[in-house]
There are 2 protein chains.
Amino acid sequence: MLTVDQARDWLLQRARPLTTTETVPLLQALGRILATPLLSSQDVPPHDNSAMDGYAVRCADGSGPLPVSQRIPAGTQPAALQAGSVARIFTGAPIPAGADGVVMQEMAELQPDGQVAFSQSPRPGQNIRRAGEDIRCGSEVLSAGQQLSAAHLGLAASIGVAELTVFRPLRVAVFFTGDELVEPGQTLAAGQIYNSNRYWLVPELMRLGCEVTDLGIVPDSLSRTREILQDAAALADVIMTCGGVSVGEEDHVKAAVEAEGSLDLWKIAIKPGKPLASGRVGQAGFVGLPGNPVSGFVTYQVLVKPYLQRCAGLLADCGVAVQHYPAGFVWDRPDSRREEFLRVKLLQQDGQWQLQPYPNQGSGVLTSCAWADGLVRLAVGQQVRPGDLLGLLPIGRCGN
Amino acid sequence: MLTVDQARDWLLQRARPLTTTETVPLLQALGRILATPLLSSQDVPPHDNSAMDGYAVRCADGSGPLPVSQRIPAGTQPAALQAGSVARIFTGAPIPAGADGVVMQEMAELQPDGQVAFSQSPRPGQNIRRAGEDIRCGSEVLSAGQQLSAAHLGLAASIGVAELTVFRPLRVAVFFTGDELVEPGQTLAAGQIYNSNRYWLVPELMRLGCEVTDLGIVPDSLSRTREILQDAAALADVIMTCGGVSVGEEDHVKAAVEAEGSLDLWKIAIKPGKPLASGRVGQAGFVGLPGNPVSGFVTYQVLVKPYLQRCAGLLADCGVAVQHYPAGFVWDRPDSRREEFLRVKLLQQDGQWQLQPYPNQGSGVLTSCAWADGLVRLAVGQQVRPGDLLGLLPIGRCGN
């Protein structure tokens, strides 16, 4: 058996990151992966400007009273400040030539004759934001290989960038095998089960930003499975399926992938989980998740999602910052051969957040995954006592 | 000044949650908010089935050798098990009538005459998954008011549900004011700045699942702003803007909202931030964020996002489980009047995750927000020493 870390490393090494890029408008770049570093072609702020509503002054002129020679709202281009006068100025407005400080309005008194006096002598540079103080022209604003968030797009806009060069979306084709599978909405005959894998896997891939081709349920036949693999390899970067890759006798996926390409079947010391298939069909990568939905879901989160992110062009690991919380439970039946990934929830107990496991960790249905906030990784043989600090691998949810 | 909690409660109380629902296919329900609880109309598993590849037996028949009277792959409907025989059975396949246990194949020996002997006497119930063991018919599988994740959809599929009743998307109209604003891609004249607020706000709203109407930059005129508000109120549940609601003299948004509806201007003890406008125009809610992009971004994350989620029909708070990490920094210049939200990153130091603040917390550009993993909330006057545990409010990123 491979350890989880070995399997993860192996998959990451086999990932073939996208190289094709495209240029998209900012508002279409959310969640996309930046292909080239973004350098600023300008200073931000572009010019010295006022940090306050107040008065732009020549500090040498002292605390006044002084006449107001101009008014500078944001968005205007001021004339040079006449010596012996001040300029009414607003936050963000450019500092007029000749001025070397801004007095905030709270420190200024407008006198009946229209002149302004200050309660303190102004100091050179005060309340001025300097050109380039936030972003210097030529500096790297966003690095390549990161997934673009809303704040990234706002930042790009602030240096005048209207479009970004990103990798094209990763194309993933999925299909499902098993004569016992039925689509939801239909009635189950005896011995049939619903194809639940399709309905968590496709949304997970969508959330990752993949372009998903959903080839549905494929009849359990070698020739049909081979045809589907050929079709999928022609259009996708990665082909994924659930089930059909364990030692069961009714599976044709294994034989079909071996006939059309190459396949490694791994036994991984992961619970839930264990079998994972990885290979290639033509130019496409192939990943076969275990057919049990909980095993497939956990294997996807722990091993396959990082592989897909690497394929998509992501350079940094996403969400590697594992959070640690105290356990609110006892775990005294550790697995002696496999690392275990418990589905857990964060619950508040006496004002403190604690991890609680889903009661039925052995189930084959997704109740535990739908309920959980994330996964806790237990080492082989690891017991848990209340208060033990455990790392939490979050399962993404809720637009956060 | 209102405290952050007061402002948040006030906004939440003013939220008018959506009531209009629609029924959508599972694969279109990702990220939508469930409007009615989902009850299971069936048992899962639907019938007793085998937890193993092996042999279904009548335990009273003992450890054999016994003839194999049938073969039951998953997806088939077995005949009753003849007394004095066993059935070859595979994982997930239905238990034939009369059988009361499954012996895993590792404990069975197939003899030359085709009969099977077991190394131990089978015990009643062993390796059988009972009907309804995972989900009982009639039980609540998903509760109303939760945002649907991939696992939720997989779970719904596993009980045969093909579509879900969700709230329609929240409609949000946004516009931006200020004659100094220029769209990225154009050249800045002196005194102009790029409209960066549009490019973080619209994506944040998209990520939340809102239907966004982007009305762009509105000229600084009262009559034009009133027209835009009328248009927006006719089509949106919530109208949002950035800027134009502080004490500055060049703003018409305040007067326009007051003329077309009602407006409260709040000063909130939040840094960055402070001004926030909340009101109504016709049937639509109105929220005016501060115009400084960092202030707007932080105010959005802390106060406005929960309000929008409540409007959209979300019942539970999202991401309320604040994660705590040790500070890797000193903060000895606390604000004496406002709670402060530092933009921080999780960085690993000597194998431990620590929070580090962005060096320039005072900047008006989004560099700190684009760099950060989240926000740390400091109480009024709170100092920080290395190792202090601080709560982290994550800023969503990376499809997690």
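Note that the coordinates shown come from a computational prediction; the quantities given were computed from them, not determined experimentally. (Residues numbered from 1 in each chain as written. Chains lettered and ligands numbered in written order. Predicted model: local features only at pLDDT ≥ 70, side-chain atom pairs only at ≥ 80, totals over all residues. Heavy atoms only, no water.)

**Structural notes on the overall build of chain A**
Here is step 1: Along the backbone of chain A there are seven helices and 26 strands.
Here is step 2: Taken against the 2.2 N^0.38 rule, which gives 21 Å for 400 residues, the C-alpha radius of gyration of chain A at 30 Å runs more than 25% over that of a compact globule.
Here is step 3: Considering only C-alpha atoms, chain A reaches an extent of 95 × 55 × 40 Å along its principal axes.
Here is step 4: Per-residue burial for chain A yields a buried fraction of 54% across its 400 residues.
Here is step 5: Carbon together with sulfur atoms contributes 48% to the accessible area of chain A, which is approximately 15800 Å² in total.
Here is step 6: If the 32 positive side-chain charges of chain A are averaged to one point and the 39 negative ones to another, these points end up 3 Å apart. (Helix = DSSP H or I, 4+ residues; strand = E, 2+ residues; numbered from the N terminus. Rg over C-alpha atoms; globule rule 2.2 N^0.38 Å. Buried < 20%, exposed > 50% of the residue type's maximum accessible area, 1.4 Å probe, protein only. Areas by Shrake-Rupley, 256 points an atom, 1.4 Å probe, with all protein chains shown as cover. Lys, Arg positive; Asp, Glu negative; His and termini not counted. Charge placed at Lys NZ, Arg CZ, Asp CG, Glu CD.)

**Looking at the sheet that holds strand β21 (residues 284-289) of chain B**
Within a sheet, adjacent strands bond to each other through the backbone by hydrogen bonds, running parallel or antiparallel.
Residue and element names in this part refer to chain B.
Here is step 1: What the six strands build is an open sheet, ordered β16-β13-β17-β21-β20-β18; its pairing is mixed. Bordering the open sheet on either side are β16 (211-218) and β18 (261-267), each of which pairs with just one other strand. Averaged over all pairs of adjacent strands, the angle between their axes in this sheet comes to 15 degrees, without regard to strand direction.
Here is step 2: Two elements, strand β13 (residues 171-177) and strand β17 (residues 238-242), share five bridges in a ladder whose sense is parallel. When the bridges of β17 are listed, V172 appears paired with V238.
Here is step 3: The strands that helix α3 (residues 196-207) touches are β13, β16, β17 and β21; relative to β13, the one it contacts most, it runs at about 175 degrees.
Here is step 4: Sheet contacts for helix α5 (residues 253-260): β13, β17, β18, β20 (275-281) and β21; angle to β18, the most-contacted strand, approximately 140 degrees. (Pairing = 2+ DSSP bridges. Axes fitted to C-alpha atoms, helices over the stretch in contact; angles between N-to-C directions. Contact = heavy atoms within 4.5 Å.)

**Overview of the relation of the copies chain A and chain B**
Here is step 1: For the pair chain A and chain B, the best superposition has an RMSD of 0.1 Å and corresponds to a rotation of 180 degrees with a translation of 0.1 Å parallel to the axis. Taken together, the turn and the small shift mark the pair as related by a two-fold rotation axis.
Here is step 2: Of all interface residues in chain A, 100% are interface residues in chain B too; the two copies therefore contact each other through one and the same surface. (Least-squares fit on C-alpha atoms with pLDDT ≥ 70 in both.)

**Let's talk about the domain arrangement of chain A**
Here is step 1: Along its sequence, chain A is organised into domain 1 (4-19 + 169-311), domain 2 (21-44 + 133-167), domain 3 (49-129) and domain 4 (323-394).
Here is step 2: The gap between the C-alpha centroids of domain 2 of chain A and domain 3 of chain A is 35 Å. (Domains from an automatic or database assignment.)

**Focus: the interface of chain A and chain B**
Here is step 1: In this assembly, 80 residues from chain A lie in contact with 80 residues from chain B.
Here is step 2: On the surface where chain A and chain B come into contact, there are zero salt bridges.
Here is step 3: If you list the elements that add at least two residues to the side of chain A that touches chain B, you get α2 (150-158), α3 (196-207), α6 (293-311), β22 (323-326) and α7 (367-371) of chain A.
Here is step 4: Here the side of chain A that touches chain B gets nine residues from one element, more than from any other, and that element is α3(A).
Here is step 5: When its residues are assigned to classes, the side of chain A that touches chain B shows 40 nonpolar, 27 polar and 13 charged. (Salt bridge = Lys/Arg side-chain N within 4 Å of Asp/Glu carboxyl O. Nonpolar A, V, L, I, M, F, W, Y, C, P; charged D, E, K, R; others polar.)

**Focus: the pattern of salt bridges**
Pairing is possible between side chains that carry opposite charge, provided their charged atoms lie close to one another.
Here is step 1: On inspection of all chains with the given rule, the structure shows 28 salt bridges over all chains.
Here is step 2: Of the charged contacts, one joins R14(B) and D264(B) as a salt bridge, the two residues approaching to 2.5 Å between their closest N and O atoms. On the criterion of sequence distance, the pair formed by R14(B) in helix α1 (residues 4-14) and D264(B) in strand β18 is long-range, its members being 250 residues apart.
Here is step 3: In this structure R14(B) comes out as partly exposed when scored by relative accessible area, which is 27%.
Here is step 4: Given the relative accessible area of 29%, D264(B) is considered partly exposed.
Here is step 5: Taken together, the salt bridges that share partners define one network made up of D5(A), E339(A) and R377(A).

**Details of α6(A)**
Here is step 1: Over its 19 residues, α6(A) runs only 24 Å from end to end, short of the ideal 27 Å by more than 12%, given 1.5 Å per residue.
Here is step 2: The opening residue of α6(A), the one whose side-chain oxygen lies 2.9 Å from the backbone nitrogen of V294(A), is N292(A). (Expected span 1.5 Å × (residues − 1). Polar contact = N/O pair within 3.5 Å; in protein donor to acceptor, adjacent residues only side chain to side chain.)

**Considering the packing of aromatic side chains**
All names here are of chain B.
Here is step 1: Enumeration over the complete set of coordinates arrives at ten aromatic pairs over all chains.
Here is step 2: The lysine or arginine in question, R333, covers the ring of W331, its NZ or CZ lying 4.5 Å from the ring centre.
Here is step 3: The ring of W371 has K345 lying over it, and the distance from NZ or CZ to the ring centre is 5.2 Å. (Phe/Tyr/Trp six-rings, centres within 6.5 Å; stacked < 30°, edge-to-face > 60°. Lys NZ or Arg CZ within 6 Å of the ring centre and 35° of its normal.)

**Observations concerning α1(B)**
Residues and elements named next belong to chain B.
Here is step 1: Restricting attention to buried positions, one finds in α1 the residues V4, A7, L11 and L12. Each buried residue of α1 lies within a common arc of 130 degrees when the element is viewed along its axis, so the set occupies one face.
Here is step 2: On its buried face, α1 sits against β18, β19 (270-271), β20, α6 (293-311), β23 (339-349) and β25 (374-378). (Arc of directions from axis to C-beta.)

**Quick word on the side chain of Q192(A)**
Here is step 1: Its place among the elements puts Q192(A) in the loop between β14 (181-182) and β15 (193-194).
Here is step 2: A polar contact is formed between the side chain of Q192(A) and the backbone nitrogen of A189(A), at a distance of 2.7 Å.
Here is step 3: Once residues within four sequence positions are removed from consideration, Q192(A) is found in contact with E180(A), V182(A), T187(A), P46(B) and H47(B).

**A short note on the packing of helix α4 (residues 222-235) of chain A against helix α5 (residues 253-260) of chain A**
Residue and element names in this part refer to chain A.
Here is step 1: Closest axis-to-axis distance for the α4/α5 pair is 9 Å, and the angle between their directions is 50 degrees. Taken as axis vectors, α4 and α5 run oblique relative to one another. As α4 packs across α5, the resulting crossing turns out to be right-handed. Contact residues: L222, T225, R226, L229 and Q230 in α4; V253, A255, A256, V257, A259 and E260 in α5. (Parallel < 35°, antiparallel > 145°, perpendicular 65-115°, else oblique. Left-handed = near helix turned anticlockwise from the far one by under 90°.)

**Comments concerning unusual backbone geometry**
Here is step 1: Of note, the amide linkage connecting V44(A) to P45(A) takes the cis form, showing an omega dihedral of -10 degrees.
Here is step 2: Along the chain, P45(A) falls in the loop between β2 (38-39) and β3 (49-50).
Here is step 3: In this model, K274(A) sits at a positive phi of 135 degrees, which is unusual for a non-glycine residue.
Here is step 4: One can find K274(A) in the loop between β19 (270-271) and β20 (275-281).
Here is step 5: Residue K274(A) is classed as partly exposed on the basis of its relative accessible area, which comes to 29%.
Here is step 6: One non-glycine residue, N127(B), adopts positive backbone phi at about 60 degrees.
Here is step 7: Take N127(B): it is sitting in the loop between β9 (116-118) and β10 (128-129).

**Description of the sheet that holds strand β18 (residues 261-267) of chain A**
Residues and elements named next belong to chain A.
Here is step 1: One open sheet holds the six strands; their spatial order is β16-β13-β17-β21-β20-β18, and the pairing between them is mixed. Strands at the two margins of the open sheet, each flanked by one partner only, are β16 (211-218) and β18. Averaged over all pairs of adjacent strands, the angle between strand axes in this sheet comes to 15 degrees, irrespective of strand direction.
Here is step 2: Inspection of the sheet shows β18 paired to β20 by seven bridges, in the antiparallel sense. The residue of β20 that forms the bridge with D264 is S278.

**Quick word on the environment of Y194(B)**
Here is step 1: Note that Y194(B) resides in strand β15 (residues 193-194).
Here is step 2: A distance of 2.6 Å separates the side chain of Y194(B) from the backbone oxygen of Q186(B), its partner in a polar contact.

**Points about the environment of R88(B)**
All names here are of chain B.
Here is step 1: Mapping R88 onto the fold places it in strand β6 (residues 86-89).
Here is step 2: We classify R88 as buried; its relative accessible area is 13%.
Here is step 3: One polar contact links the side chain of R88 to the main-chain carbonyl oxygen of G54, over a distance of 3.2 Å.
Here is step 4: Only 3.0 Å separates the side chain of R88 from the side chain of Q105, close enough to count as a polar contact.

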